[in-house]
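Commentary on secondary and tertiary structure
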Amino acid sequence: MNDTQQLAYQFATKKGIRGFSEHLLLSAIVTPPPLAHEVEVVTQPEVSFKSLITLPVRERPTTSRQRAKPPPYDLTRTASRRSDRKANCCFTCLTCNIVTMDAAEFRRRGKEMVDFVADYLENIEHRRVYPDVEPGYLRSMIPSEAPLEPESYEDVLKDVDRVIMPGITHWQSPHFHAYFPSASSYPALLADMLCGGLGCIGFTWAASPACTELETVMLDWLGKMLQLPEDFLAGTKGQGGGVIQGTASEATLMALLAARCKAVKCVHESDPQRSEADIISKLIAYTSEEAHSSVERAGLIGGVGIRMVATDEHFSVRAETLEKMVAEDKAAGFIPFFFCATLGTTPSCAFDKITELGPLCNAENIWMHIDAAYAGSSFICPEFRPLLDGVEFADSFNFNPHKWLLVNFDCSAMWVKKRTDLIGAFKLDPVYLKYDNQESGLVTDYRHWGIPLGRRFRSLKLWFVFRMYGQSGLQAYIRKHVELAKVFETMVKKDKRFEICAEVVLGLVCFRLKGSDELNEALLKEMTHLGRIHLVPCKLRGRFVLRFAVCGRTTELRHVQEAWTHITELSSELLLKHHS
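Note that the structure is a prediction, hence the values are computed from the model and not measured.

About the cut-offs
- Residues numbered from 1 in each chain as written.
- Predicted model: local features only at pLDDT ≥ 70, side-chain atom pairs only at ≥ 80, totals over all residues.
- Heavy atoms only, no water.
- Pairing = 2+ DSSP bridges.
- Helix = DSSP H or I, 4+ residues; strand = E, 2+ residues; numbered from the N terminus.
- Axes fitted to C-alpha atoms, helices over the stretch in contact; angles between N-to-C directions.
- Core = buried A, V, L, I, M, F, W, Y, C linked by side-chain atoms within 4.5 Å.
- Buried < 20%, exposed > 50% of the residue type's maximum accessible area, 1.4 Å probe, protein only.
- Contact = heavy atoms within 4.5 Å.
- Lys, Arg positive; Asp, Glu negative; His and termini not counted.
- Salt bridge = Lys/Arg side-chain N within 4 Å of Asp/Glu carboxyl O.

This next bit is on the sheet that holds strand E7 (residues 305–309). Taken in spatial order, the seven strands make up an open sheet running E5-E11-E10-E9-E8-E6-E7, and their pairing is mixed. In this open sheet, the two strands that pair with only one neighbour each are strand E5 (241–245) and E7. In this sheet, adjacent strand axes meet at a mean angle of 20° when their direction is disregarded. Looking at chain direction, strand E8 (residues 335–342) and strand E9 (residues 367–371) are connected through five bridges and run parallel. Note that in E9 the partner of Ala341 across the bridge is Ile370.

Structure below.
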């Protein structure tokens, strides 16, 4: 046993430590904290990716407290590594036999993975967009238990192609026209990589100041792009601010729970003897019959009743209808407290009339939350900003940059007019989360703004995308999708066998074959079976309708034309069978 091993063995024996290799023990014994270098943040805005990640290093002055850096130890590499792992430049701990990936290996594999992802995205249009697998296909392709011994990286990557890819719906394909867009871009992917590498969990300001402060600033940047009233911005004299939630569903739930807490307090002030349970049992919330199911789900979680409001001929909620329902409920002893307006409904991209609804909600002391999950991104374009008129009456507003603003999932932006309404509903301060400056009024703790305590550094994606695309680039991207949707609408209108079922405002076209629901269901089923393009349906006024959404970042005119040709060919075959 050499001196190095002897020292490690003696330390382990004294401390009762088992299962550690000598180089790890020596690191704990003699390696000083990393005081030799520090990073300097780049503050000047640049448009290149290199400027976002370059961190100049400068030497910190040596002090008497610094110990001399020990010489590098010659760490013995295992000679008994399996032959199928020889290509992996991994360290194997001598005592516990754990294969780990070192920095050199990570550099090599990381570059390979970037190439893998880039190749996938470059060639994605040649893949079948919808997978041809049956439920449960994957379980039989992998072992029933995790491996006891480590496996090689090559084997893992081979199984990505063999096991995972056959079951992937290719959301980034230019042939994907289902649901709404799921945004992605290279700058956002790189930011997500950096987020994972930094590995910070930003539940408090102290947990990672940059994680908290960049989120605050990015939500102000985005709020200004949308021309939100200053009341919603943190960097103003207002009382509001923005936060990144995981999804619009989370944002709706947070708004409803905050509104519930505010309503309970309000009733308590006028009737202190009334129990909280009794108050909650009388609370009533409202939303459009065309609203996303997540609103109703928020009501179930929040333990309050939700009433669906009927819409007009454009699938929009009008103030007259809501006012009548509120009056009826108040007369019956209920307490109206929350209304979720939708700008860009999931079925047809319809817009509730918030310029009418907002004043009504304010007058009735009803919290108005605006869900603009898909359409919200378009409001950065001046020509679409009027769709947001009336936001000044709202208590909270939300949309998903991860749908249409080239920021990959998950990133849902939410603003509140009075942050105390949100924080007051959920604030808890255990001693292990307290820190200096907490009550200074200068910091934000986002753990009070959402359901989870831990938070990823999601604002990096916004920062990278905003800087590398600029507002003009993002506006051009949105306008292109809207133009492609208009092209598709025009082609549908020219074919007398089809009909348009809702006004085309942004990047969604609702259409159907004239005839029965069964005919349209059969058309969609055949499209899904062939897997060349992917659409999903909706119900409008009880009728089965097909939705064509322009989704992919790389979608071009030819893809829209190819999709329409495919639809018309299948329709011709279907109609021929139907009439024969």
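And the narrative resumes.
Here we come to the nonpolar core. If you look at the biggest cluster of nonpolar residues, it comprises 82 residues, and the most contacted ones within it are Phe339, Phe397 and Trp415. Here this core gets ten residues from one element, more than from any other, and that element is helix H15 (residues 459–494). Apart from residues no more than four positions distant in its own chain, Phe397 is found in contact with Leu226, Leu228, His369, Ile370, Ala372, Phe379, Leu388, Val391, Ala413, Met414 and Trp415. Residues Ala298, Val304, Leu422 and Ile423 belong to the second largest nonpolar core, which totals 31 residues.

Our focus in this paragraph is the side chain of Asp395. Of note, Asp395 is situated in the loop between E9 and strand E10 (396–399). Among buried charged residues, Asp395 stands out as having no salt bridge; its nearest opposite-charge side chain is Lys262, 4.5 Å away. Each residue touching Asp395, except ones within four places of it in the same chain, is listed here: Phe232, Ile366, Trp367, Met368, Trp415, Val416 and Lys417.

Moving on, we come to the environment of Ala502. Relative to the assigned elements, Ala502 resides in the loop between strand E12 (498–500) and strand E13 (508–513). Residue classification places Ala502 among the buried residues on the basis of a relative accessible area of 11%. Spatially, the C-alpha atoms of Ala502 and His314 are 7.2 Å apart, while their sequence positions differ by 188 residues. Beyond its immediate chain neighbours, meaning those up to four positions away, Ala502 contacts Phe315, Ser348, Cys510 and Leu540.

The next thing to look at is the sheet that holds strand E15 (residues 543–549). Taken in spatial order, the four strands make up an open sheet running E12-E13-E15-E14, and their pairing is antiparallel. The sheet is open, and its two edges are formed by E12 and strand E14 (536–540), each paired on a single side. Strand-to-strand, the axes of this sheet are offset by a mean angle of 40°, without reference to chain direction. Pairing of E12 with E13 involves three bridges; the strand directions are antiparallel. In the strand pairing of E13, Phe498 is matched with Leu513. Strands E13, E14 and E15 of the sheet are contacted by helix H16 (residues 517–530), whose axis makes an angle of about 35° with E15.

Interpretation note: all reported values are geometric properties and have no functional meaning in isolation.
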